[in-house]
Amino acid sequence: MVAAATAQVGSPPVKEATPWRRFRRRMLSNRFGMGALLVLLVLVLAGVLSPIVAPHPPGDANFATVFQHPGTVGYVLGTDNLGRDILSRVLYGIRASLEVGVLAVLIAFVIGVPSGLLAGAFRTADVIASRGTDLLLAFPFLIMAIGVAAILGPSLMIAAVAIGIGAVPSILRVMRVETARIISLDYVTAARAQGAGTLRILSHYVLPNAASSLIVRATVIMPGAILGESTLSFLGLGIQPPMPSLGGMLADAQQYAEQAPWMAVVPGAAIVLICLSFNTLGDALRDALDLQVVSRD
Amino acid sequence: MLRRFLIKFGQGLLTVFLASIVVFLAIRALPGDPAETMAGEDQNPAVIAAIRARLGLDKPMPEQYLLYMWHALHGDFGTSISSRVPVSTLLGQTLPVTLQLTVLTMVCGGIVGMLMGSVGAYWRGQWPEWLSSVLSLVGLSVPHFWLAMLAIIYVGTTMRLFPVSGYTPLHESLGGNIGHLIVPALILGSALAAVLMRQTRANMLDAFGAEYILAVRAKGASESRVVIGHALRNSLVVAVTILGLELGGLLSGAAVIEQIFGLPGIGRLAINAVFSRDYPVVQGVVLVVAVSYVAISLLLDVLYTVLDPRIRVGG
């Protein structure tokens, strides 16, 4: 972003030089990034449209068709121990995983962005925020999720809330560092000299300039949240049956590993595909936006 | 340096104190009265009142908290409701397993991650770099429990390469202990290795372009000395920071891995305790995990200071 800002000020108004153009050119030329974007679009569409595109209702048990191999006519990815179509269940599972991922990221942003802004701008808020993140980090996410699920009962929403809260420190840190960095730049001092208040500086100067870091961070949190959801559902603490979830399908598959290995392979591969696409897209965005390598904390 | 350590120590104590209050309140927000659960079939009000009095549940909340903490400081975390065993005994049995798993994971993940990261940076633009990028992306994208499942089903059970379940204590047999823990540690360490791989590669690339490496090369140092003695050494500091940041995730992951591999660790204890509403156990586990987390972070912080002289001198 520093490079982008100086390029804007320093170079003559050549068409090629705007940050957006450069970002678009770099992004379009990144084959892996574009591939990941394409896969993600397909997965999101498949998930959102799962009630329409799924060949069978996901809960439809049929004891005449149990343990069909993948490739069977009508059951492309095979069937499970109850004769349910695995493709349909995976499509619904992808939808549920994406829902939890999006909800968790939203929750992390709603709490993490304002507190990170305050922590970066005010000394007192910084002290409170860093003690708060220490406290959150001292409760490993799973232990916290288990506790919340025990108090309120397991569900998709509870899983999303627990995962979202667990991701707050990550957003808060990025926001705090970005705020402290941007607030000390000359053009913010200039704005202040013109009479802009702290609130205006935070909302009109800091937030837009931190957007790219936040977007990249979201692409890192998303796969983490989806892995977390699948873990919770696997343990029986996330999405509850009969609602299909990728983690829940894997829990079922444990018993039938020898008879029906595809029951264990297909949902797991779906999780890997979603997460791999997000991680690859995140890398491509980071390269195109010229951000430094950030760890996955 | 001492001042820095004392500040960190004080912050750690504060975190543990706040954590204990959160846990105490959260446990009391759980539905169901433990006294009624313990009274069993016989829901005699007098019996319930007696149990409440014995557990100290009839006292005001702040007093209950102080009593709990007082006892906890003396190693008494109450008694498990389901097994009637003192919670301290359960913790004493399970904590070593989890700590061993976590340490072994850090070692495995650390070695694999830093090695692959260095390899990727050294052979930049060639196939080793490509391999290390792909491996790190995959490592970040694969659910641990799925890897564990596949490992048990297709490698453990079919090929019988490693024991798929159970645990041998360290004092009985070192080989048996590592034999039971190595596969869980490798699986749990995959994400850690992936994160370290990326960070190490980035740091090493920076280092190879830096002037001090040019100076070392000009001095005629051997290639291995340049890479290991200088470039990698500076990456160690960042690696230790990352270990600290990944610690919470590691402890979470340990719970799932323990559950799948049948390791009698603290995570498994916690999951089972939540399902059976065994609140003294949950409270004890969370408190001990929070204390361990703070203690390990503090330890890593000290290590960090030792590794990076700039911090040591700067105070």
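Residues numbered from 1 in each chain as written. Chains lettered and ligands numbered in written order. Predicted model: local features only at pLDDT ≥ 70, side-chain atom pairs only at ≥ 80, totals over all residues.

(A) Geometry of the overall build of chain A. Counting its secondary structure elements, chain A contains 12 helices and 0 strands. Reading the secondary structure of chain A in the N-to-C direction produces α-α-α-α-α-α-α-α-α-α-α-α. Along the first, second and third principal axes, the C-alpha atoms of chain A reach 75 × 50 × 30 Å. For chain A, with 297 residues in total, the buried portion stands at 49%. Here the analysis covers contacts within chain A between residues at least 6 apart in sequence; of these, 71% occur between residues at least 24 apart. (Helix = DSSP H or I, 4+ residues; strand = E, 2+ residues; numbered from the N terminus. Buried ≥ 20, exposed ≤ 12 C-beta atoms within 10 Å, placed from the backbone. Contact = placed C-beta atoms within 7 Å.)

(B) Layout of the interface of chain B and chain A. Counting from both sides, the interface comprises 40 residues of chain B and, opposite them, 35 residues of chain A. Within the residue set of the side of chain B that touches chain A, elements represented by two or more residues are helix 1 (2-29), helix 6 (127-141), helix 7 (144-159), helix 8 (174-209), helix 10 (223-261), helix 11 (266-275) and helix 12 (279-307) of chain B. At 9 residues, the largest contribution of residues to the side of chain B that touches chain A is made by helix 10 of chain B.

(C) Structural detail: the packing of helix 6 (residues 123-138) of chain A against helix 1 of chain B. Where helix 6 of chain A meets helix 1 of chain B, the axes come as close as 9 Å, and the angle between the chain directions of the two elements is 65°. The way helix 6 of chain A lies across helix 1 of chain B gives a crossing that is right-handed. Here A:Arg131, A:Asp134, A:Leu135 and A:Ala138 of helix 6 of chain A come into contact with helix 1 of chain B, specifically with B:Gln11, B:Leu14, B:Thr15, B:Leu18 and B:Ala19. Residues that form the contact of helix 6 of chain A with helix 1 of chain B fall into these classes: 5 nonpolar, 2 polar and 2 charged. (Axes fitted to C-alpha atoms, helices over the stretch in contact; angles between N-to-C directions. Left-handed = near helix turned anticlockwise from the far one by under 90°. Nonpolar A, V, L, I, M, F, W, Y, C, P; charged D, E, K, R; others polar.)

(D) Layout of the environment of B:Gly249. With respect to the helices and strands, B:Gly249 occurs in helix 10. Taking the C-alpha atoms as reference points, B:Gly249 and B:Arg268, 19 residues apart in sequence, are found 15 Å from one another.

(E) Representation of the nonpolar core within the structure. Counting residues in hydrophobic clusters, the biggest one holds 158 residues, and the most contacted among them are A:Ala145, A:Ala159, B:Ala148, B:Ala270 and B:Val285. It is helix 5 (residues 86-121) of chain A that contributes the most residues to this core, 17 residues altogether. (Core = buried A, V, L, I, M, F, W, Y, C linked by C-beta atoms within 7 Å.)

(F) Molecular detail of unusual backbone geometry. Going from A:Pro241 to A:Pro242, the amide bond is cis rather than trans, its omega being 10°. Tracing the backbone through its elements, the reader meets A:Pro242 in the loop between helix 10 (198-234) and helix 11 (246-253). Its identity as a non-glycine residue notwithstanding, B:Arg84 has a phi of 60°, on the positive side. In this structure, B:Arg84 sits in the loop between helix 4 (61-73) and helix 5 (87-122). Residue class for B:Arg84 comes out exposed when judged on the 8 C-beta atoms lying within 10 Å of it.

Worth remembering: the numbers are spatial, not functional.
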